[in-house]
Structures are given as structure tokens and as C-alpha cells.
Amino acid sequence: QVPLVESGGGLVQTGGSLRLSCAASGRPFSSAVMGWFRQTPRKERQFVAGINESGTTYYADSVRGRFTISRDNAKKTLLLEMNSLKVEDTAVYYCAADSSHSHYVSRAANDYNTWGQGTQVTVSS
């Protein structure tokens, strides 16, 4: 498994930007599908973005064009650049790893076997 630690959350105004980081330790990282999810108190954990070992990226419709996921395998780091933030982006954001797959990026939280502790992102109007 790939222990994960997120950082970079905080408070930002509508239209602002934040960058989330996820530091991974252990193995494997480069061969694991990695993803970002978010959760609010009244909703289930939702897929935000995912990236496979080849660097192919996938996004939820609600964030496509505003968010960018990337990975640095040498540094074992996953990033999420968030621009043009909206109030509805407010949530706890989680980094996740699916070490069972290298290419297929699932949008289902249950398919990911390792999770970080989460980082709060709050967008004010």
C-alpha cells in the first residue's frame, strides 16, 4: 500500500486558486492509479480527478477546465491545481491510491485501497 498525506488546503475567495499536494511513501506509487476525491457532510465521497501510470488524466464534469491533476513519480507526489474556485468546491479533499490498477482509472471510491487523512478547502463568496 501507499501511505498518503495531503497538504495545501485552506480558505480562498471565489475565483481564487489553491494547490493541493499528496505525499506518498512506500511502494508502489508510479504504477498505481491515483485520484482526488472530495466530500461534504451531506454527500458521499465524490470523484474529482484521476491519473494513471501513463499520465492520462480524467476529471469530473464539474471541475474539468478548472482543475489539473498531475504526478511526479520521482518525488512520489500527486498534485491538484485548482483554479477559478467556486463556493460549491468547498469540501474535504482526499488523495487516494488504487494499487490494484495501473491503467484503468475508476471513479468509484470503493475501488481505491489507500486514503489520506483529508485536507479542508473552503471557498468563500
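Placed above this text is the structure.
Residues numbered from 1 in each chain as written. Predicted model: local features only at pLDDT ≥ 70, side-chain atom pairs only at ≥ 80, totals over all residues. Heavy atoms only, no water.

*Asks:* Would you mind going over the state of the cysteines with me for this structure?
*Replies:* What makes a disulfide is a covalent bond joining the sulfur atoms belonging to two cysteines. Per the counting criterion, the structure on display carries one disulfide. Paired by a disulfide, C22 and C95 hold their sulfur atoms 2.0 Å apart. When the S-S torsion is -75 degrees, as for the bridge of C22 with C95, the disulfide is left-handed. Pair noted here: C22 is in strand β3 (residues 18-24) and C95 is in strand β9 (residues 91-98), with a separation of 73 residues, a long-range link. Neither C22 nor C95 differs from the other in exposure class; each is buried. (Disulfide = S-S within 2.5 Å. Helix = DSSP H or I, 4+ residues; strand = E, 2+ residues; numbered from the N terminus. Buried < 20%, exposed > 50% of the residue type's maximum accessible area, 1.4 Å probe, protein only.)

*Asks:* Looking at this structure, I do not really get the sheet that holds strand β8 (residues 77-82). What am I missing?
*Replies:* Remark on secondary structure: sheet strands pair via backbone hydrogen bonds, oriented parallel or antiparallel. One open sheet holds the four strands; their spatial order is β1-β3-β8-β7, and the pairing between them is antiparallel. Of all strands in the sheet, those bounded by a partner on one side alone are β1 (4-7) and β7 (67-72). For this sheet the average axis-to-axis angle between neighbouring strands, irrespective of direction, equals 15 degrees. Inspection of the sheet shows β1 paired to β3 by four bridges, in the antiparallel sense. Its bridge partner lying in β3, L4 is registered against A24. (Pairing = 2+ DSSP bridges. Axes fitted to C-alpha atoms, helices over the stretch in contact; angles between N-to-C directions.)

*Asks:* Help me understand the pattern of salt bridges in this model?
*Replies:* Any two side chains of opposite charge can pair, given that their charged atoms come close. Counted under the stated rule, the structure contains four salt bridges. For the salt bridge of D89 with R38, the shortest nitrogen-to-oxygen distance reads 2.9 Å. Here D89 is found in the loop between β8 and β9, whereas its partner R38 is found in strand β4 (residues 33-39), with 51 residues between them in sequence. Like R38, D89 is buried. Where D89 meets R66, a salt bridge forms, and the shortest distance between an N and an O atom there is 2.7 Å. On the criterion of sequence distance, the pair formed by D89 in the loop between β8 and β9 and R66 in the loop between β6 (57-59) and β7 is long-range, its members being 23 residues apart. Accessibility classification places D89 together with R66 in one group, the buried group. Linked through salt bridges whose partners overlap, the residues forming this network are R38, R66 and D89. (Salt bridge = Lys/Arg side-chain N within 4 Å of Asp/Glu carboxyl O.)

*Asks:* Even after reading the chapter, I still don't get unusual backbone geometry, so can you show me in this structure?
*Replies:* Glycine aside, negative phi is the norm for most residues, and most peptide bonds take the trans geometry. With a phi angle near 50 degrees, K76 is a residue other than glycine that sits in the positive phi range. Among the structural elements, K76 can be located in the loop between β7 and β8. Judged by its relative accessible area of 28%, K76 falls in the partly exposed class. Although it is not a glycine, S84 sits at a positive phi angle of roughly 50 degrees.

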